[in-house]
Amino acid sequence: MLMKILPAAKKMMEEAVSPGDTVVDATCGNGHDTKFLSELTGPAGKVYSFDIQKAAIDNARELTKGSCNIEFIHDSHARAEEYIEAPIQAAMFNLGYLPRGDKSITTEGESTIEALRQLFELLKPGGRIVIVVYHGHEKGKEERDALYEYLSGFPQEEADILEYRFINQRNNAPFILCLEKARKA
């Protein structure tokens, strides 16, 4: 049976992340990915969790009570390098808007691409960035197009970039873009 999008995104992270790693949830949302990443990295690991909405940070804090390896950052993921010093093993994005939140506040191509640029620089060789792209709304379509333009020009010597999607689903079903940084020879 084929894996649906969110389980496939988690599987891609599980393959890349080990206990003790430093990782990023670039779009904290309600905290589900932050909690997942916290469990993957364990108490010796570190999760940086970004969101521009205080409600998202509050929801995630509530969901992850008792986790001691998470640093919540109420700021744009486009400023990641201002907060993260250590190399990272992985980063995860769930683009779009906060579920059950204000749908007028969405991720945007410009800030997402800037976050990708910064996080890729911090990424260890062999590390991954997994992006779940929701493009069923106008801003989502613009962001999808900007991501395709940016990632299509990415040198293949620097990263392998995979697209995972179902092509026969209605309503602009979400899909995954996964970057894996090249291992240096």
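Residues numbered from 1 in each chain as written. Predicted model: local features only at pLDDT ≥ 70, side-chain atom pairs only at ≥ 80, totals over all residues. Heavy atoms only, no water.

Right, let's talk about the overall build of the chain for a bit. Scanning the chain from terminus to terminus reveals five helices and seven strands. In the chain, the succession of α and β elements from N to C terminus is α-β-α-β-α-β-β-α-β-α-β-β. What you see for the chain is a C-alpha radius of gyration of 15 Å, in line with the 16 Å of a compact globule of 185 residues. Structurally, the chain occupies a C-alpha span of about 45 × 40 × 35 Å along its principal axes. Computing the positive centroid from 22 side-chain charges and the negative centroid from 29, the chain places the two 6 Å apart. (Helix = DSSP H or I, 4+ residues; strand = E, 2+ residues; numbered from the N terminus. Rg over C-alpha atoms; globule rule 2.2 N^0.38 Å. Lys, Arg positive; Asp, Glu negative; His and termini not counted. Charge placed at Lys NZ, Arg CZ, Asp CG, Glu CD.)

A few words now on the packing of aromatic side chains. Taken as a whole, this structure holds five aromatic pairs when the rule is applied. On the basis of an interplanar angle of 80 degrees and a centroid distance of 5.8 Å, the ring pair of Phe50 and Tyr83 is categorised as edge-to-face. Highlighted residues: Phe50 in strand S2 (residues 46–51) and Tyr83 in the loop between strand S3 (70–74) and strand S4 (88–94), separated in sequence by 33 residues. Judged by relative accessible area, Phe50 falls into the buried class, the value being 0%. A centroid spacing of 6.0 Å and a plane angle of 80 degrees characterise the contact between Tyr164 and Phe166, whose relative ring orientation is edge-to-face. Classification of Tyr164 as partly exposed rests on a relative accessible area of 23%. Through successive ring pairs, a cluster of aromatic residues spans Phe120, Tyr150 and Phe154. Geometry around Tyr48 places Lys46 over its ring, the cationic atom sitting 5.0 Å from the centre. Directly above the aromatic system of Phe175 lies the positively charged group of Arg165, at a separation of 3.9 Å from the ring centroid. (Phe/Tyr/Trp six-rings, centres within 6.5 Å; stacked < 30°, edge-to-face > 60°. Buried < 20%, exposed > 50% of the residue type's maximum accessible area, 1.4 Å probe, protein only. Lys NZ or Arg CZ within 6 Å of the ring centre and 35° of its normal.)

For the rest of this paragraph, the subject is the nonpolar core. For soluble globular proteins, nonpolar side chains are generally found buried alongside one another. With 28 residues, the main nonpolar core has Val24, Ile84, Ile88, Phe93, Leu119, Ile129 and Ile131 as its most contacted residues. Among the secondary structure elements, those contributing two or more residues to this core are S2, S4, helix H4 (109–122), strand S5 (123–133), helix H5 (138–152) and strand S7 (175–181). The element best represented in this core is H4, accounting for six residues. Sequence-distant contacts of Phe93, defined by excluding residues within four places in its chain, comprise Ala26, Thr27, His77, Thr112, Ala115, Leu116, Leu119, Ile129, Val130, Ile131 and Val132. With 24 residues, the next largest nonpolar core counts Met13, Ala16, Ile57 and Ile176 among its residues. (Core = buried A, V, L, I, M, F, W, Y, C linked by side-chain atoms within 4.5 Å. Contact = heavy atoms within 4.5 Å.)

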